[in-house]
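Each chain, letter by letter, is given below.
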Amino acid sequence: MESGNVAWILVSAALVLFMTPGLAFFYGGMDRSRNVLNMLMMNFYCVLVVPIVWVVIGYSLAQVPFDNGFIGGFDAVMLKGIGLDDNGGSLATIAYLGMFAAITPALISGAVADRMKFSAWAIFVPVWSLIVYVPVFKWVFGGWLGQRGSLDFAGGTAIHVNAGIAALAAVLVLGKRRGWPQEGHPPHSMPLVMIGTGILWFGWFGFNAGSALAANGQAVQAFMNTFLAAAAGGLAWVLVEWKRDGHPTNLGAASGIVAGLVAITPAAGYVSGASPIWIGLLAGVICSYTVRAKVRFGFDDSLDVVGVHFAGGLVGSLLIGFFANPAFFGGEFREGLFYGGSLRLLGEQALANGVAIVWSFGLTYAIMVVLKRTMGVRVDPEVEANGLDLELHGETAYHGGGLH
Amino acid sequence: MKLITAVVKPFKLDEVKAALRSAGVVGMTVTEVRGFGRQGGHTETYRGAEYQIDFVPKCKLELVVEDADADRLVDVLVEGARTGKIGDGKVWVANIETLVRIRTGESGPDAV
């Protein structure tokens, strides 16, 4: 691999690592002050355990051998056989993909906030990574779903739809927080949410533009798309709520930015021109409504992982079926409907997401049920009332006050 | 001696403090508090969901004064804290039996 490409992958990997603390603050600010440290720890735990799981067995199962469409094997266990003969390109790519593996289960933490036992989370994360994330990753990126022609540039299906639907399955087993939805659970620190949003946006350039796995034109276009879709998503959400609810809120801007970023993720290397603006706008508007589904259908997805990541990921992935523009990239993938393509690409997108949804929902539900029946997944009501920070971690975020 | 306690709007605190100082007050204690009265609370909207915030932030002032000064200082305080809108707060006065300045051991009005 050329040195320029290796350099860009290394920088991108560091950018993606930074997204996990960004996500921690994004979620942590939305959480209540007595549970913020638990939220941070659930996220940071993912960057403690997943890199090790990834190197020990995850990468091998997810990628090697490349020609098996369903699952890899044990050939690259513990990085066996990975040398520096390609100028470090393989090793850089494995590190880069490890960052994705780490943030994906972290996304789920927002749904289970305020009530999940940390010990159960500690088991859930590595198990989920291996039996849900790894297979879906394999199928989508180079496996049977990818070979059929479905497109997922940086992980709309493999990461956001996957984690988003897993979040739904997890909260269905876990149950609602005490007092939800009658009792409000407003964010305890909006500034923290905004810092987290800024870090996420910054890191997302590595997530999307890095997924070209080269410092080339496709990376540049993915960078531009990431820039525009996030802006359009934030703008759309703020305008909707300004009209609908009366105020342009910080949380609306933050949520819209993330919705736009999620939606452009699968499409970043396949769309061009004004397409990212349309994708961002649509994601912002749609997600500003899908976050309301939890109250209507009665599932307590605390911080809207389903409403933002699942819905946004699905919107972006399906919009590839309309906006994909292979001529612009000189790439070998199908055209979207707006560029003279047939319904075939949209069909493949629907199939890939459908498969990911069924697999992820079913197995996540099963993992949670097994954990519930063995060690239990939910803290005692008293722990929930006193706050997880003090009860589970023996720490307090803000000394000297706070009635939250 | 009297204990004057007032709950006022936080943004009026500096004005009240300045007015009381001009009127000869040499010390007071301020606490950030939350509560509701006729003003009730307010609503905040997060991701389209409205939350009723019942307890609004206020500042509580406490100062111990000599009997003869109490009425005059209450007037000063009320004047300084008033906006004329709902939520301006309240002032109340109570008798104090004992007051001691810890550093010197002085007690009674000498300690004010």
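A few points on the structure.

Right, let's get into helix α8 (residues 217-245) of chain A. Residues and elements named next belong to chain A. Its 29 residues place the ends of α8 41 Å apart at the C-alpha level, agreeing with the 42 Å of an ideal helix rising 1.5 Å per residue. The N-cap residue of α8 is N216: its side-chain oxygen and the backbone nitrogen of Q218 are 3.2 Å apart. One or two steps after α8, the chain reaches G246, where phi turns positive at roughly 100°.

This next bit is on the interface of chain A and chain B. Taken together, the contact between chain A and chain B spans 20 residues of the former and 6 residues of the latter. Buried surface at the junction of chain A and chain B, summed over both partners, amounts to about 1,100 Å²; 57% is from carbon and sulfur atoms. As a salt-bridge pair, R47 of chain B and D304 of chain A come within 2.9 Å of each other at their nearest N and O atoms. Contributions of two or more residues to the side of chain A that touches chain B are made by α1 (3-30), α8 and α9 (250-264) of chain A. Class assignment of the residues belonging to the side of chain A that touches chain B gives a composition of 11 nonpolar, 5 polar and 4 charged.

Before going further, it helps to spend a moment on the packing of α9 of chain A against helix α10 (residues 275-290) of chain A. Residue and element names in this part refer to chain A. Contact geometry for α9 and α10: axes closest at 8 Å, N-to-C directions at 125°. Taken together, the axis directions place α9 and α10 in an arrangement best described as oblique. Where α9 crosses over α10, the two elements pack in a sense that is right-handed. Contact residues: α9 offers A259, G260, A263 and I264, while α10 offers P276, I279, G280, A283 and C287. Here the residues of the contact of α9 with α10 sort into 7 nonpolar, 2 polar and no charged.

The next subject is the packing of aromatic side chains. Residue and element names in this part refer to chain A. The tally for this structure, following the rule as stated, stands at 24 aromatic pairs over all chains. Here Y133 and F137 contribute two aromatic rings whose centre-to-centre distance is 5.6 Å and whose plane-to-plane angle is 45°, an arrangement assigned as tilted. Of this pair, Y133 and F137 both sit in helix α4 (residues 118-140), 4 residues apart, which is roughly one turn of that helix. For the pair shown, Y133 and F137 are each scored as buried. One residue, R244, lies across the ring of Y289, its end atom 4.8 Å from the ring centre.

A few words now on the layout of surface pockets. Residues and elements named next belong to chain A. The computed volume of the second largest pocket comes to approximately 530 Å³. L97, F141, F153, S211 and L213 are, among the 28 residues lining the second largest pocket, the residues nearest its centre. Contributions of two or more residues to the lining of the second largest pocket are made by α2 (36-63), α3 (89-108) and α4. If you tally residues by element for the lining of the second largest pocket, the top one is α3, at 6 residues. Looking at the lining of the second largest pocket residue by residue, the class counts come to 17 nonpolar, 8 polar and 3 charged.

Attention now goes to the pattern of salt bridges. With the rule as written, the count across this model stands at 16 salt bridges over all chains. R32 of chain A serves as the salt-bridge partner of D114 of chain A, at 3.1 Å between the closest nitrogen and oxygen. With D114 of chain A in the loop between α3 and α4 and R32 of chain A in the loop between α1 and α2, the pair connects residues that are 82 residues apart, well separated along the chain. Residue classification places R32 of chain A among the buried positions, given a relative accessible area of 10%. Salt-bridge contacts for D69 of chain B lead to R72 of chain B; the nearest nitrogen and oxygen are separated by 3.6 Å. Its relative accessible area of 27% is what places D69 of chain B among the partly exposed residues. Each of R32, D114, R177, E183 and D300 of chain A takes part in a single network of salt bridges with overlapping partners.

A few words now on the pairing of strand β4 (residues 49-53) of chain B. Residues and elements named next belong to chain B. Bridge count for strand β3 (residues 42-46) against β4 is 5 bridges, and the pairing is antiparallel. Residue H42 lies in a different strand from β4, and its bridge partner there is I53. Here β3 hands over to β4 after 2 residues, with R47 in that stretch at a positive phi of 50°.

This part is about the sheet that holds strand β2 (residues 29-35) of chain B. Residue and element names in this part refer to chain B. Read from one edge to the other, the open sheet built from 4 strands follows the order β2-β5-β1-β6, with strand pairing classed as antiparallel. At either margin of the open sheet sits one strand with a lone partner, and together these are β2 and β6 (89-95). Within this sheet the neighbouring strands show an average axis-to-axis angle of 20°, counted without direction. Pairing of strand β1 (residues 2-8) with strand β5 (residues 56-65), which is carried by 7 bridges, proceeds in the antiparallel orientation. Bridging across to β5, I4 finds its partner in L63. Sheet strands in contact with helix α1 (residues 13-22) are β2 and β5, and its direction is about 10° off that of β5. The strands touched by helix α2 (residues 70-81) within the sheet are β1, β5 and β6, with β1 carrying the most contacts at an inclination of about 10°.

The next thing to look at is the packing of helix α7 (residues 190-209) of chain A against α8 of chain A. When two helices pack together, their arrangement is captured by the angle between the axes and the distance separating the axes. All names here are of chain A. Orientation of α7 relative to α8, taken along the N-to-C sense of each, is 140°, at an axis distance of 8 Å. Of the two possible hands of crossing, α7 and α8 adopt the one that is right-handed. Here α7 contributes W201, W204, F205, N208 and A209 to the contact with α8, which in turn contributes A219, A222, F223, T226, F227, A230 and A231. Split by residue class, the contact of α7 with α8 holds 10 nonpolar, 2 polar and no charged.

The rules behind the values
- Residues numbered from 1 in each chain as written.
- Chains lettered and ligands numbered in written order.
- Predicted model: local features only at pLDDT ≥ 70, side-chain atom pairs only at ≥ 80, totals over all residues.
- Heavy atoms only, no water.
- Helix = DSSP H or I, 4+ residues; strand = E, 2+ residues; numbered from the N terminus.
- Expected span 1.5 Å × (residues − 1).
- Polar contact = N/O pair within 3.5 Å; in protein donor to acceptor, adjacent residues only side chain to side chain.
- Contact = heavy atoms within 4.5 Å.
- Buried area = accessible area lost by both parts, 1.4 Å probe.
- Salt bridge = Lys/Arg side-chain N within 4 Å of Asp/Glu carboxyl O.
- Nonpolar A, V, L, I, M, F, W, Y, C, P; charged D, E, K, R; others polar.
- Axes fitted to C-alpha atoms, helices over the stretch in contact; angles between N-to-C directions.
- Parallel < 35°, antiparallel > 145°, perpendicular 65-115°, else oblique.
- Left-handed = near helix turned anticlockwise from the far one by under 90°.
- Phe/Tyr/Trp six-rings, centres within 6.5 Å; stacked < 30°, edge-to-face > 60°.
- Buried < 20%, exposed > 50% of the residue type's maximum accessible area, 1.4 Å probe, protein only.
- Lys NZ or Arg CZ within 6 Å of the ring centre and 35° of its normal.
- 1 Å grid on protein atoms, 1.4 Å probe; cavity = no way out; pocket = protein on both sides within 12 Å on 5 of 7 lines; lining within 4 Å.
- Points joined across faces, edges and corners; volume = space filled by probe spheres on them.
- Pairing = 2+ DSSP bridges.

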